[in-house]
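Understanding the architecture of this molecule
Now for the letters of each chain:
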Amino acid sequence: MISKIGLIGYGKMGSSLALGGIKSGAIRKESMIVYDQDRERTNVAEKFGLKVASSLAEIFESEALILAVKPKDLPALLQDNRSKIVEKSPLLISIVAGIRVKHMLSFLGNAPLRVIRVMPNIAAAVNEAMSAFYANEFVNKDDVAFVESLLSSVGKSIRIESEDELDTITGISGSGPAYFALMMNILEKVAVDKGLSEDMARVLAAQTCRGAATMVLSGGCSPLDLIKMVASPGGTTEEALRVMDAKGFSEIVGEAVSAAIEKSRRMNRP
Ligand SMILES: NC(=O)c1ccc[n+]([C@@H]2O[C@H](COP(=O)([O-])OP(=O)(O)OC[C@H]3O[C@@H](n4cnc5c(N)ncnc54)[C@H](OP(=O)(O)O)[C@@H]3O)[C@@H](O)[C@H]2O)c1
């Protein structure tokens, strides 16, 4: 049973995971301690009632350590604190994109530490995240149960057996909220340009996005079925889809998402 959780990096993703986990009851507020080099961020954590570590040394006392810094900051964080981390041997939970377990452990002298790599997404803040995780060979059942309960408390979670799949998952669901946000932003802009209020435009776009997702997730239809259900022959939806098709919308989106996946693959090659 993991009862002391340290979080390094209280930024957009780290705070979303912590707040989501606490709101849902998977993490007790008292069992979490956070550290961030940015004082403004730790002030926010303190206001929420979280314990803030005064130094990194304090956070290494944790049984599980969530690493939520940017990829560029992880190597130094691990190398500079190598002896402390290896001595305490906490379960390391990395949400950092593009740094493989083997690469992480190389910064820690290749010590046989328990590591779980997670690719969550920002919707953890509202308990609607899509997360996938990969556990290395040293991880035990309790570690997996802890991570599964944390991730499923903030949304949906799947365990994967091949670390390579994390690149595709990063490009699909890690970055994905931004793709749908872009689509919502376009719908909002058009609505406002055509004379609707900003408030109305926002709810029209966002609720429509949620409704489409709920229809697919409920298992009632595939995305293609949904298109057929909405686009009646000679109607308005068909007209929009005709323009999208003529302008290469599907190719553009497909290429963009593949570029994100390739970027993750390149980041993963040290
Ligand atoms: N944002 C997403 O949607 C998303 C989705 C999936 C995965 N991720 C992953 O989550 C990780 C965090 O992303 P984010 O968007 O939350 O970044 P962020 O908002 O920039 O938060 C990272 C925080 O960590 C702090 N930090 C950096 N080095 C530190 C150190 N050595 N000790 C203590 N604090 C340190 C940063 O401080 P400074 O600002 O001073 O550098 C910053 O406050 C990334 O690795 C990313 O790949 C993000």
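Quick note: structure is the one above.
For every chain, the first residue of its written sequence is number 1, and the numbers climb from 1 along that sequence. Reporting in this predicted model follows two pLDDT cut-offs: at least 70 for local features of residues, and 80 or more for side-chain atom pairs to be given and counted; totals over whole chains, interfaces and linings ignore these cut-offs and use all residues. In computing side-chain properties, one takes all heavy atoms of the structure into account and sets aside hydrogens as well as water.

Here we come to the side chain of D143. Secondary structure elements follow DSSP: runs of H or I no shorter than four residues count as helices, runs of E no shorter than two count as strands, and numbering proceeds from the N terminus. For D143, the position within the fold is in helix α7 (residues 141-153). Under the scheme applied here, a residue whose accessible area is under 20% of the maximum for its type counts as buried, over 50% as exposed, and between as partly exposed, the area being computed with a 1.4 Å probe on protein chains only. Taking the relative accessible area as the measure of exposure, D143 reaches 2% and is therefore buried. Only heavy atoms matter for contacts: two residues are in contact if any of them lie within 4.5 Å across the pair. Not counting chain neighbours up to four residues away, the residues in contact with D143 comprise I2, L91, R114 and I116.

We now examine the environment of R159. Note on placement: R159 falls in strand β8 (residues 155-159). According to the relative accessible area criterion, R159 is partly exposed, its value standing at 39%. Once residues within four sequence positions are removed from consideration, R159 is found in contact with F133, A135 and V144.

Attention shifts here to unusual backbone geometry. In this structure, S89 takes a positive phi of about 45 degrees despite not being glycine. Residue position: S89 is located in the loop between α5 (82-88) and β5 (91-94). Even without being glycine, N110 reaches a positive phi, approximately 60 degrees. Along the chain, the position of N110 falls in the loop between α6 (101-106) and β6 (115-119).

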